Structure formats: structure tokens, C-alpha cells
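Summary of the model geometry
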Amino acid sequence: MGGGGGGITYKGVTVHTPKTWHTVAGKGLCGVMWFWILYRAKQDGPVVMGWRHPWDGHGDHGHEDHH
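Residues numbered from 1 in each chain as written. Predicted model: local features only at pLDDT ≥ 70, side-chain atom pairs only at ≥ 80, totals over all residues. Heavy atoms only, no water.

**What about the pattern of salt bridges?**
Following the criterion strictly, the structure yields one salt bridge and no others. A salt bridge links Arg-40 to Asp-44; its shortest N-O distance comes to 2.5 Å. Separated by four residues within a single helix, Arg-40 and Asp-44 lie in helix H1 (residues 20–49), roughly one turn from each other. For Arg-40, a relative accessible area of 31% gives the class partly exposed. (Salt bridge = Lys/Arg side-chain N within 4 Å of Asp/Glu carboxyl O. Helix = DSSP H or I, 4+ residues; strand = E, 2+ residues; numbered from the N terminus. Buried < 20%, exposed > 50% of the residue type's maximum accessible area, 1.4 Å probe, protein only.)

This is the structure:
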């Protein structure tokens, strides 16, 4: 296949070492992914786990008294 360079060969399959920017980009995107998962878990976790109904905690928007 194309290109030379270092890598590890095991049972006839050569796995080439990734370039530095691939490693940095992968770690950065992994960080973004975990941030997003934890953010959504904070926002939607109780509803998904069944601890709270989706309509709880939004205040009394329909029962406003104007005095």
C-alpha cells in the first residue's frame, strides 16, 4: 500500500503510527464529546432516569395571577 514509514506488523498486517495532528485532533474531539455527554446528562439525566417528569420544574406559567 502507499507510503513507507514506521509501524507495527502483526500477522502480515501493518498498522502505521498516526501523525501528530491526528492524535491531537482525536484527543480534542474526545474532550468535546465528553463535555457534551456530561452537559446533556446534567440537563436531561433526571428525566431519562425517571426521577423527574419533563414538565416538572418549569414554574407556574399557566397559573399567573395579575393583581
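Now, onward.
**Some words on the confidence of the model for the protein**
In low-pLDDT regions, the fine details of the predicted coordinates are not to be read closely. Per-residue pLDDT for the protein has a mean of 83; in total, 76% of the residues score no lower than 70. Within the protein, no element has a lower average pLDDT than strand E1 (residues 7–10), which sits at 87, and none a higher one than H1, at 93. (pLDDT = per-residue confidence, 0-100.)

**Things to note about the pairing of E1**
When E1 meets strand E2 (residues 13–16), the two strands line up antiparallel, connected through four bridges. By the bridge assignment, Gly-7 is partnered in E2 with His-16. Linking E1 to E2, which pair antiparallel, is a turn of two residues; within it Lys-11 sits at a positive phi near 55°. (Pairing = 2+ DSSP bridges.)

**Focus on a nonpolar patch on the surface**
A surface patch of nonpolar side chains, about 410 Å² in accessible area, is lined by Met-33, Trp-34, Ile-37 and Leu-38. Its location among the elements puts Leu-38 in helix H1. For Leu-38, a relative accessible area of 57% translates into the label exposed. (Patch = residues over 30% accessible without salt bridge, like charges linked within 9 Å, V, L, I, M, F, W, Y side chains within 5 Å. Areas by Shrake-Rupley, 256 points an atom, 1.4 Å probe, with all protein chains shown as cover.)

**Regarding the packing of aromatic side chains**
Here the structure, examined in full by the defined rule, presents two aromatic pairs. With a centroid separation of 6.3 Å and an interplanar angle of 15°, the aromatic rings of Phe-35 and Tyr-39 are classed as stacked. Of this pair, Phe-35 and Tyr-39 are both found in helix H1, four residues apart, which corresponds to roughly one turn of the helix. According to the relative accessible area criterion, Tyr-39 is partly exposed, its value standing at 36%. Consider the rings of Trp-36 and Tyr-39, whose centres lie 5.8 Å apart with planes at 35°: the pair is tilted. Of this pair, Trp-36 and Tyr-39 both sit in helix H1, three residues apart, which is roughly one turn of the helix. Grouping aromatic residues by their ring pairs yields a cluster made of Phe-35, Trp-36 and Tyr-39. (Phe/Tyr/Trp six-rings, centres within 6.5 Å; stacked < 30°, edge-to-face > 60°.)

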